Protein chains: 2
Amino acid sequence: VEKLHLLLAEAGLELVPAEIWGHPTVAASARKRGKEPGEILLDVSLHYAAMKGLKDRMKRGRPDIAHFCMLLALGSLLNRAGMLELYVNTYDGRMIGVSPHVRLPRNYNRFVGLVEQLLKEGRVPPNSASPLLWVEPYSLEELLERVAPSRIFLLSEKGGKVGAAELARRVASEPKPMVVVGCFQAGDFSERILKLAHEVVSISQYALDAWVATAKVLSAVEDALNLF
Amino acid sequence: VEKLHLLLAEAGLELVPAEIWGHPTVAASARKRGKEPGEILLDVSLHYAAMKGLKDRMKRGRPDIAHFCMLLALGSLLNRAGMLELYVNTYDGRMIGVSPHVRLPRNYNRFVGLVEQLLKEGRVPPNSASPLLWVEPYSLEELLERVAPSRIFLLSEKGGKVGAAELARRVASEPKPMVVVGCFQAGDFSERILKLAHEVVSISQYALDAWVATAKVLSAVEDALNLF
C-alpha cells in the first residue's frame, strides 16, 4: 500500500435547505449569526424542530460527526506520514477535497464557520490557488474513476464480521485501498454508496460512532504497517 | 486485565478564574449566555485576549480536547464491553467521575453547558443519586490509592519509544493497568502527574493530538484482546 484512501461518506454537512428557511428556529439562528438562512449549516442541535419534516433527517444536520472524523484522520500517523488521502462526501452529494496539511479548527463553532465559507465560496481560503478545503467539480463516481482504488472496503454493521486487525491486514496488502466510513448518526447507507463497495465489513458487534470506527481502522492499519 | 483505567489528565476544563472575570471578552461571552463570568467555562476560542496573562495558558481553556477524548473513550469497544474506567483530572486539580453509561452530548455547545452545570452543582443530573458525571470528593493521589493500579503508563513525546501495539501488549498483560493521556494542547505534564507514572512512553515520532493518542491506545488494547 502506498496510500490509504479514506472516504467519509454521506456526511450530514449541508447548508440549510430552502424548504425550511422560513422556520422560526432557522430564522432565529441565522439572525443570531448575522447571516441568511441559506448561508448557515444545518445543525440538529439548533434546528431540531425545523428538521421534523425533512427527508432522511437522521442522516442530516450533524457537522460534529464530520468534524471529529476529519480531525482524527488529519491527525493520524498515516496522514503525518503522507500516506492518507481524505475525501468527504456529503448527504447532498457534494465532494469535498481536503489538503493533508490543513490545520482544521479544533473548536466546533469555528469549524462550522469554515464549512459555511467553503460551501458558499467553493474553497477556503477563498480565491486561493492552493486551498486547504475545496468543493470538487466532480461526483463521487467520477472521483472513483480518477482514483481507481484496487479495492473498496465499506464499514457497516450489516457487513461480514472481520476484526479491525484482520481488516487492516487486508487493507495493507492492497496496492490502492479505499475505506468508506459513513459519517451519519443513524440509518443506512444509500444504495448509491453501497453498490460502489467491493466488500462490506463489520469491525464490531456494536454499532460504532463514526469517529470510533474511523479511529479503529486508521490505528489498525498503522499497526499493520508498523508506523510510529 | 479485567479493566483498563484511563485517566485524561490536566484537561483544560475549568470555570473562568476570578482574575479575568472583568475582562471585556469574558463579560461579553457571559452576558451572551445569560450567565455570570464565574459560571461559564474558560474557552480559548472565546477568551483568547483575556487569557494572555494567565499562568499555563497553553494548557487551559480547551473543553474541546476533553470532549473529544471522552467521546472516543465512551464509544470504544473496551467501554462497550464493560472493561473501561474513565477519569478526568482537570488543570485546576478536580477529579471528575464518569459513568460508563453516560451518553455525552455530541454537540460541543451542549457539552459546555453540561460541564458548567457539573462544575457548579457537583453532579449531573443535579441531586441525582446515580449521576452520569460528578466531581469526586478526593484528589488524584487519593484516587490512585483507592484504585491501586498495578502499573501506570503515561503517554508523552518525551517517553521511551514503544509502538502502540507493543504498549498494548504490556497493558493487556497487567492485572490492573492505568493509562494516562494528557488532555491539553501544548506544554508538559506537571511534575505532580509525571511522578505518579511507573513508565513514561511515546507511541509516535510525532506530537499527537490528545484524541489521536487516546484512540490509538484504546484501539491497540482492543486488538490485543481480540475485542470485537
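Below: a short report on this structure.

Conventions we followed
Residues numbered from 1 in each chain as written. Chains lettered and ligands numbered in written order. Predicted model: local features only at pLDDT ≥ 70, side-chain atom pairs only at ≥ 80, totals over all residues. Heavy atoms only, no water. Contact = heavy atoms within 4.5 Å. Salt bridge = Lys/Arg side-chain N within 4 Å of Asp/Glu carboxyl O. Helix = DSSP H or I, 4+ residues; strand = E, 2+ residues; numbered from the N terminus. Nonpolar A, V, L, I, M, F, W, Y, C, P; charged D, E, K, R; others polar. Least-squares fit on C-alpha atoms with pLDDT ≥ 70 in both. Pairing = 2+ DSSP bridges. Axes fitted to C-alpha atoms, helices over the stretch in contact; angles between N-to-C directions. Left-handed = near helix turned anticlockwise from the far one by under 90°. Right-handed = clockwise from strand over helix to strand, strands pointing away.

## Here we look at the interface of chain B and chain A
Argument step 1. On the side of chain A, 39 residues touch chain B, which itself brings 40 residues to the contact.
Argument step 2. Between Asp209 of chain B and Arg106 of chain A there is a salt bridge whose closest N-O contact spans 3.1 Å.
Argument step 3. Counting only elements with at least two residues in the side of chain B that touches chain A, the list comes to α3 (63-75), α4 (77-80), α5 (108-121), α7 (164-172) and α9 (210-224) of chain B.
Argument step 4. The element best represented in the side of chain B that touches chain A is α9 of chain B, accounting for eight residues.
Argument step 5. Of the residues belonging to the side of chain B that touches chain A, the class tally is 18 nonpolar, eleven polar and eleven charged.

## Description of the relation of the copies chain B and chain A
Argument step 1. You can overlay chain B on chain A at an RMSD of 0.0 Å; the transform is a turn of 180° with a shift of 0.0 Å along its axis. Interpreted geometrically, this transformation is the action of a two-fold axis.
Argument step 2. The overlap is high: 98% of the interface residues of chain B also sit at the interface in chain A, so the same surface is used on both sides.

## Observations concerning the sheet that holds strand β1 (residues 4-11) of chain A
Hydrogen bonds between backbone groups are what pair the strands of a sheet, and the pairing can be parallel or antiparallel.
All names here are of chain A.
Argument step 1. The eight strands lie next to each other as β4-β5-β3-β2-β1-β7-β6-β8, forming an open sheet whose pairing is mixed. At either end of the open sheet lies a strand with only one pairing partner, and these are β4 (123-124) and β8 (199-202).
Argument step 2. The pairing of strand β6 (residues 151-161) with β8 spans five bridges and is parallel. By the bridge assignment for β8, Gly160 is matched with Val201.
Argument step 3. Where helix α7 (residues 164-172) meets the sheet, its contacts fall on β1, β6, β7 (177-182) and β8, and the angle it forms with β6 comes to roughly 165°.
Argument step 4. In this fold helix α9 (residues 210-224) packs onto β1, β2 (84-90), β6 and β7, with an angle of close to 160° to the strand it touches most, β7.

## Regarding the packing of α7 of chain B against α9 of chain B
All names here are of chain B.
Argument step 1. Orientation of α7 relative to α9, taken along the N-to-C sense of each, is 65°, at an axis distance of 8 Å. Crossing geometry of α7 relative to α9 is assigned as right-handed. Residues Ala164, Ala165, Leu167, Ala168, Val171 and Ala172 of α7 touch α9, and the partners they reach there are Lys216, Val217, Ala220, Val221 and Ala224.

## Things to note about the sheet that holds strand β6 (residues 151-161) of chain B
Residues and elements named next belong to chain B.
Argument step 1. Reading across from one edge, β4-β5-β3-β2-β1-β7-β6-β8 is the order of the eight strands in this open sheet, with mixed pairing throughout. In this open sheet, the two strands that pair with only one neighbour each are β4 (123-124) and β8 (199-202).
Argument step 2. With three bridges joining them, strand β2 (residues 84-90) and strand β3 (residues 95-98) adopt antiparallel strand pairing. Note on β3: the bridge partner recorded for Asn89 is Met95.
Argument step 3. The strands that helix α6 (residues 140-147) touches are β1 (4-11), β2, β3, β6 and β7 (177-182); relative to β2, the one it contacts most, it runs at about 165°.

## Comments concerning the pairing of β6 of chain A
All names here are of chain A.
Argument step 1. Taken together, the four bridges between β6 and β7 define a ladder with parallel strand orientation. Pairing of Leu154 across the sheet is with Val180, part of β7.
Argument step 2. Handedness of the crossover joining β6 and β7 through α7 is recorded here as right-handed.

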